[in-house]
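# Examining the three-dimensional arrangement
Take a look at the letters that make up each chain.
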Amino acid sequence: MILTKIREKTLNFHDDFTSWAANILNGTISLEQYKFVLKTFYGFYYPLEEKIYSLEEINDLELSLERRRKTKLLVKDMKVLGITQDEIDSIKMCSSLPDLNNTAKVLGCMYVIEGATLGGQIIAKKLNETLNLEQDNGCAFFNSYNEDLRPLWKEFCYSINKYSEYTQIE
């Protein structure tokens, strides 16, 4: 029940989050365009993860938070593809992050991010076909959980359901 409600309330964020993927999915992305995607994602994920993981109440939930961090994977991909640390340090950070003033909003935001991780497997496959990228040569971000993808998704959904049992979420 709660997962259906979250899915409905976050649908437009899913659409916004995945709208950039068209040139990956149609096989027309270049390596330079892909590097731009990684930099853009880093500029969003870095401040978002800092905001999410600094919230005390989110640390009380059983979410394997360190395993879910994506910025280290983005950095790994960028460095493998020749982007220097100086270039990474100069990436413009997103300043208009989602409102995360309570645990329910954080879980909604994480739902979109974790859902995107599921879709990342499709993108990773296409990047392999188009640019010959794999886990260790530039596509760690889109392969973020590997064989743990489904178990981590189930764990996340379980935690949301457990949280909703004790909290009224609108």
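Just above, that's the structure.
Residues numbered from 1 in each chain as written. Predicted model: local features only at pLDDT ≥ 70, side-chain atom pairs only at ≥ 80, totals over all residues. Heavy atoms only, no water.

On to the packing of helix 3 (residues 31-53) against helix 8 (residues 103-131), then. The N-to-C vectors of helix 3 and helix 8 enclose an angle of 160°; their axes lie 13 Å apart at closest approach. In terms of orientation, helix 3 and helix 8 fall into the roughly antiparallel class. Crossing of helix 3 against helix 8: the hand is left-handed. Contacts between helix 3 and helix 8 involve Leu31, Tyr34, Tyr45, Leu48, Ile52 and Tyr53 from the former and Val106, Cys109, Met110, Ile113, Leu127 and Leu131 from the latter. Across the contact of helix 3 with helix 8, the residue classes tally to 12 nonpolar, no polar and no charged. (Axes fitted to C-alpha atoms, helices over the stretch in contact; angles between N-to-C directions. Helix = DSSP H or I, 4+ residues; strand = E, 2+ residues; numbered from the N terminus. Parallel < 35°, antiparallel > 145°, perpendicular 65-115°, else oblique. Left-handed = near helix turned anticlockwise from the far one by under 90°. Contact = heavy atoms within 4.5 Å. Nonpolar A, V, L, I, M, F, W, Y, C, P; charged D, E, K, R; others polar.)

Okay, the nonpolar core next. Of all hydrophobic cores here, the largest spans 45 residues; its most connected members are Tyr34, Ile52, Ile58, Met78, Met110 and Phe142. Put simply, the parts of the chain that give this core at least two residues each are helix 3, helix 6 (71-80), helix 8 and helix 9 (149-166). With residues near it in sequence (within four places) discarded, Ile52 still touches Ile58, Leu100, Val106, Cys109, Met110 and Ile113. (Core = buried A, V, L, I, M, F, W, Y, C linked by side-chain atoms within 4.5 Å. Buried < 20%, exposed > 50% of the residue type's maximum accessible area, 1.4 Å probe, protein only.)

Here Thr71 is to be found in helix 6. Contacts of Thr71, omitting those with residues within four sequence positions, involve Tyr42, Tyr45, Tyr46 and Glu49.

One pass over the full model with this rule turns up one cavity of 30 Å³ or more. Taken as a whole, the largest cavity holds about 60 Å³ of empty space. Forming the walls of the largest cavity are Tyr45, Glu49, Ile52, Tyr53, Arg68, Lys70, Met110, Ile113 and Glu114. Of all the secondary-structure elements, those providing two or more residues to the lining of the largest cavity are helix 3 and helix 8. Element by element, the count of residues in the lining of the largest cavity is highest for helix 3, at four residues. (1 Å grid on protein atoms, 1.4 Å probe; cavity = no way out; pocket = protein on both sides within 12 Å on 5 of 7 lines; lining within 4 Å. Points joined across faces, edges and corners; volume = space filled by probe spheres on them.)

This brings us to unusual backbone geometry. For Asn132, which is not a glycine, the phi torsion comes out positive at approximately 60°. Structurally, Asn132 can be placed in the loop between helix 8 and helix 9. Take Asn132: its relative accessible area is 53%, and that puts it in the exposed class. In the Ramachandran plot, Asn146 falls in the positive-phi region, its phi being about 50° despite a non-glycine side chain. Position of Asn146 relative to the elements: it lies in the loop between helix 8 and helix 9.

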